[in-house]
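# Architecture at a glance
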Amino acid sequence: MEFRTWEPVYEAILDDFGYPRDGDERARDRFVDLLGDAETYDPDDLGLDGATVAVAGAGPSLEAEAGRAADADVVLAASTATDRLRAEGVAVDCMVTDLDKNADTGRDLTTDGTPVVVHAHGDNIPALETHGPAYDSEFVVPTTQAAPAPPVRNYGGFTDGDRAAFLADHFGADSLVFPGWDFDDPSVTEEKARKLRWAERLLSWLEQRRGERFDVLDGRRDAIEPVGGD
């Protein structure tokens, strides 16, 4: 995903939620400052190219579908899905987070040599400043949803889960499976429900770009509003 392709979709997300673009840019720039000259992780080393990749969400169905993650070549887990999969005995190859929940898990993973995709956005600068220095940067993949500023990259996506899917796509995954995704989870807040609707739209866009059909969207496609990206 090139930023010029992502940018119109990003602008639509900002408009929908009323998020200020300069907030994301400030967070990105602060992340760049915090990283300094430190070496960061190259996602090429995850072995995504040609792989079947499980993109694990943190929905209520995750434990029941943990076997689908275990059967994949590479497991990318969104936020707390990491802890829950590990509790089921499923190894996680990479965590994707914006540090809003289980930041200590990410810290421990980087210490143990497991990469963590850490996302900077408009309202998590305090979390970046609090938790970022405790992460081993050699196992951090720094990302933004604004224009990239090395070493902070933008592979596309908005929520932790769909950003994991865009990451897998960017690095050549052959196929994607989606354990633990529940778009209609009644337990989430209204804002989270809106984010899930965007995640659904973004996955629909991604599957069209890939020429693949994600089973997580089966029975839902006709009602999904196109994002308008190329």
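Residues numbered from 1 in each chain as written. Predicted model: local features only at pLDDT ≥ 70, side-chain atom pairs only at ≥ 80, totals over all residues. Heavy atoms only, no water.

### Comments concerning the overall build of the protein chain
Inclusion rule: In this text, helices come from DSSP runs of H or I with a minimum length of four residues, and strands from runs of E with a minimum of two, each type numbered from the N-terminal end. Every radius of gyration here is taken over C-alpha atoms, with the globule rule written as 2.2 Å times N^0.38, N being the number of residues. Exposed residues in this analysis have more than 50% of their type's maximum accessible area, buried residues have under 20%, and partly exposed residues fall in between, with area computed by a 1.4 Å probe over protein chains only.
What the protein chain contains, in helices and strands, is eight helices and six strands. In sequence order, the secondary structure elements of the protein chain are arranged as α-α-β-α-β-α-β-α-β-α-β-α-β-α. For a compact globule of 230 residues, the expected C-alpha radius of gyration is about 17 Å, and the protein chain comes in at 16 Å, within 12% of that figure. Across the 230 residues that make up the protein chain, the buried fraction comes to 54%.

### Let's talk about the pattern of salt bridges
What counts here: We count a salt bridge whenever a side-chain nitrogen from Lys or Arg sits within 4 Å of a carboxyl oxygen from Asp or Glu.
Within this structure, the stated rule accounts for 21 salt bridges. Between R220 and D184 there is a salt bridge; the shortest N-O distance is 2.8 Å. One end of the pair, R220, is in the segment after α8 (190-210); the other, D184, is in the loop between β6 (175-177) and α8, with 36 residues separating them in the sequence. Given the relative accessible area of 22%, R220 is considered partly exposed. The shortest N-O distance in the salt bridge between E212 and R210 comes to 2.7 Å.

### Description of the nonpolar core
Our working definition: We call a set of buried Ala, Val, Leu, Ile, Met, Phe, Trp, Tyr and Cys residues a nonpolar core when their side-chain atoms join them within 4.5 Å. Contact definition: two residues touch when any of their heavy atoms are within 4.5 Å.
With 45 residues, the main nonpolar core has W6, V53, L76, L176, F178, L202 and L203 as its most contacted residues. Put simply, the parts of the chain that give this core at least two residues each are α1 (3-17), β1 (52-56), β2 (74-78), β3 (94-97), α7 (160-170) and α8. Sort the elements by how many residues they give to this core and α1 lands first, with seven residues. Not counting residues up to four positions away in its chain, the partners in contact with L176 are V53, A165, A168, L206, R210, E212 and F214. In this structure, L99, V116, A120 and I125 belong to the second largest nonpolar core, which totals 16 residues.

### Details of the UniProt feature "domain: 6-hydroxymethylpterin diphosphokinase MptE-like" (unreviewed entry) in the protein chain
Condition: UniProt positions are given in the numbering used here, feature names are shortened, and annotations may be inferred rather than shown by experiment.
Within this numbering scheme, the UniProt entry marks residues 51-184 as carrying the feature "domain: 6-hydroxymethylpterin diphosphokinase MptE-like" (unreviewed entry). Helix and strand shares over residues 51-184 are 29% and 20% respectively, and the end C-alpha atoms of the span are 29 Å apart.

### Focus: the environment of P142
Mapped onto the secondary structure, P142 falls in strand β5 (residues 140-144). In sequence terms P142 and H119 are 23 residues apart; their C-alpha atoms lie 6.0 Å from each other.

### Things to note about the packing of aromatic side chains
Rules: Here the aromatic set is Phe, Tyr and Trp, taking the six-membered ring for Trp, and pairing holds for ring centres within 6.5 Å; pairs whose planes are under 30 degrees apart are stacked, those over 60 apart are edge-to-face, and all others are tilted. Two conditions define a charge sitting above a ring: the NZ of Lys or the CZ of Arg must be within 6 Å of the ring centre, and it must be within 35 degrees of the ring normal.
Throughout the structure, instances matching the rule amount to 10 aromatic pairs. Taken together, a centroid distance of 6.4 Å and an interplanar angle of 25° make the contact between W6 and W205 stacked. With W6 in helix α1 and W205 in helix α8, the pair connects residues that are 199 residues apart, well separated along the chain. With relative accessibility at 5%, the residue W205 sits in the buried group. On the numbers, 5.1 Å between centres and 15° between planes, the contact of F17 with Y19 is stacked. A relative accessible area of 12% places F17 in the buried class. Taken together, F178, W181, F183 and F214 form an aromatic cluster joined through their ring pairs. Across the ring face of F17, the terminal group of R194 is positioned such that the distance to the ring centre comes to 4.3 Å. Positioned above the aromatic ring of W198 is the side chain of R201, whose terminal nitrogen or guanidinium carbon lies 4.0 Å from the ring centre.

### With respect to a negative patch on the surface
Defined as follows: Nonpolar side chains (Val, Leu, Ile, Met, Phe, Trp, Tyr) within 5 Å and like charges within 9 Å form the patches, drawn only from residues with over 30% relative accessible area and no salt bridge. Each accessible area is a Shrake-Rupley result for a 1.4 Å probe, and residues are judged covered by the shown protein chains and nothing else. When charges are counted, Lys and Arg contribute as positive and Asp and Glu as negative, whereas His and the chain ends are disregarded. The atom standing in for a charge is NZ when the residue is Lys, CZ when it is Arg, CG when it is Asp and CD when it is Glu.
Taken together, the side chains of D42, D44, D45 and D49 define an acidic patch exposed on the protein surface. By the element assignment, D45 lies in the loop between α2 (21-35) and β1. Owing to a relative accessible area of 57%, D45 belongs among the exposed residues under this scheme.

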